[in-house]
Amino acid sequence: KCNDLVVSKKGFVYVTETPTKRIHCIGPDKQHRIVDEGHVTKPNGISISTDEQTLAVSDYGGKHVWTWRIEADGSLTAAAPYMTMQTVVGKAEAAGDGMTTEEKGRWFVTTDLGVQIFDQAGRLSGIIEKPVATGKVVSVEFAGNDHDRLFVAAGDKIFSRKLKVTGYFR
């Protein structure tokens, strides 16, 4: 029941499993272990900081993006609700879904409002509105020749937008 995944430069694969509230890790040695369970209501989108020392996971069933310190052996410590996603008026959940990181360390998280952007300190820096008002934005990633196009899946379409920043690629 893998939902989203991210791979570190060291070869650790981190996977969110939404129904069980788990985050899994498969190490370079192909050994599987559960590295977190129960902190996040519905773990969904997942990304790694540019220095590869922090793992972030969006909560589909809450309003926070959680972070952990990544230890040398790939384990996670110091779980904390680090970023607070804005919600649609009258809703308690932001529906944090897909997630990616750009080269300067900002986090891009898809939510019911669109793509919310957080700086390295966890502060909301802005929101890119949904390209389709009635569509749900579920995935986000940088791509293109210069990695400066932000792609989002919304409804039944894929949209892209050229930005002045580039994505972080491992």
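Look up: the structure comes first, before these words.
All figures in this text were calculated on a predicted structure; none of them were measured in a lab. (Residues numbered from 1 in each chain as written. Predicted model: local features only at pLDDT ≥ 70, side-chain atom pairs only at ≥ 80, totals over all residues. Heavy atoms only, no water.)

J.: Explain the sheet that holds strand β14 (residues 149-154) residue by residue, including any values.
T.: Strand order in the open sheet made by the three strands is β13-β14-β15, with antiparallel pairing throughout. Across the chains shown, the open sheet's two edge strands, defined by having one partner strand only, are β13 (137-143) and β15 (157-162). Across the sheet, the mean angle separating the axes of adjacent strands is 20° when strand polarity is ignored. For β14 and β15, the ladder comprises six bridges, and the chain directions are antiparallel. Of the residues in β15, the one forming a bridge with R149 is K162. (Pairing = 2+ DSSP bridges. Helix = DSSP H or I, 4+ residues; strand = E, 2+ residues; numbered from the N terminus. Axes fitted to C-alpha atoms, helices over the stretch in contact; angles between N-to-C directions.)

J.: Break down the packing of aromatic side chains for me, citing the residues and quoting the values.
T.: By the definition in use, this model includes three aromatic pairs. Between the aromatic rings of F12 and Y14, the centroid separation amounts to 6.4 Å while the plane-to-plane angle is 35°, which identifies the pairing as tilted. Taken individually, F12 and Y14 each receive the classification buried, so the pair is uniform in this respect. (Phe/Tyr/Trp six-rings, centres within 6.5 Å; stacked < 30°, edge-to-face > 60°. Buried < 20%, exposed > 50% of the residue type's maximum accessible area, 1.4 Å probe, protein only.)

J.: Please give an account of the sheet that holds strand β10 (residues 107-111) that cites residues and values.
T.: One open sheet accounts for four strands, arranged β9-β10-β11-β12; its pairing is antiparallel. Only two strands of the sheet have a single neighbouring strand rather than two, namely β9 (99-101) and β12 (124-129). For this sheet the average axis-to-axis angle between neighbouring strands, irrespective of direction, equals 20°. Direction of pairing for β9 relative to β10: antiparallel, over a ladder of three bridges. Residue pairing in the sheet places T100 in a bridge with F108 of β10.

J.: Requested: an account of the pattern of salt bridges, with residues and values cited.
T.: For the coordinates displayed, the defined rule picks out eight salt bridges. A salt bridge links D112 to K136; the nearest nitrogen and oxygen atoms lie 3.5 Å apart. Placement of the pair is D112 in the loop between β10 and β11 (114-118) and K136 in the loop between β12 and β13, with a sequence separation of 24 residues. By relative accessible area, K136 is classed as partly exposed at 29%. Between D148 and K162 there is a salt bridge whose closest N-O contact spans 2.3 Å. Within this pair, whereas D148 is found in the loop between β13 and β14, its partner K162 is found in strand β15, the two being separated by 14 residues in sequence. On the basis of relative accessibility, which here comes to 52%, the residue K162 falls in the exposed class. The network of salt bridges with shared partners includes K91, D112 and K136. (Salt bridge = Lys/Arg side-chain N within 4 Å of Asp/Glu carboxyl O.)

J.: Can you explain unusual backbone geometry? Please cite residues and give values.
T.: Unlike most non-glycine residues, A78 shows phi in positive territory, near 60°. Judged by relative accessible area, A78 falls into the partly exposed class, the value being 47%. The phi dihedral of A95 falls on the positive side, at around 60°, and the residue is not glycine. Checked against the element boundaries, A95 lands in the loop between β8 (76-84) and β9.

J.: How would you summarise the pairing of β10 if you had to cite specific residues and measurements?
T.: Judged by how many residues are buried, β10 sits mostly within the fold: five of five residues are covered. Neither face of β10 is left uncovered, since the one carrying W107, V109 and T111 and the one carrying F108 and T110 both have all their residues buried. Where β9 hands over to β10, the hairpin turn is made up of five residues, of which G105 adopts a positive phi near 95°. Taken together, the five bridges between β10 and β11 define a ladder with antiparallel strand orientation. When the sheet's bridge partners are listed, T110 is paired in β11 with V115.

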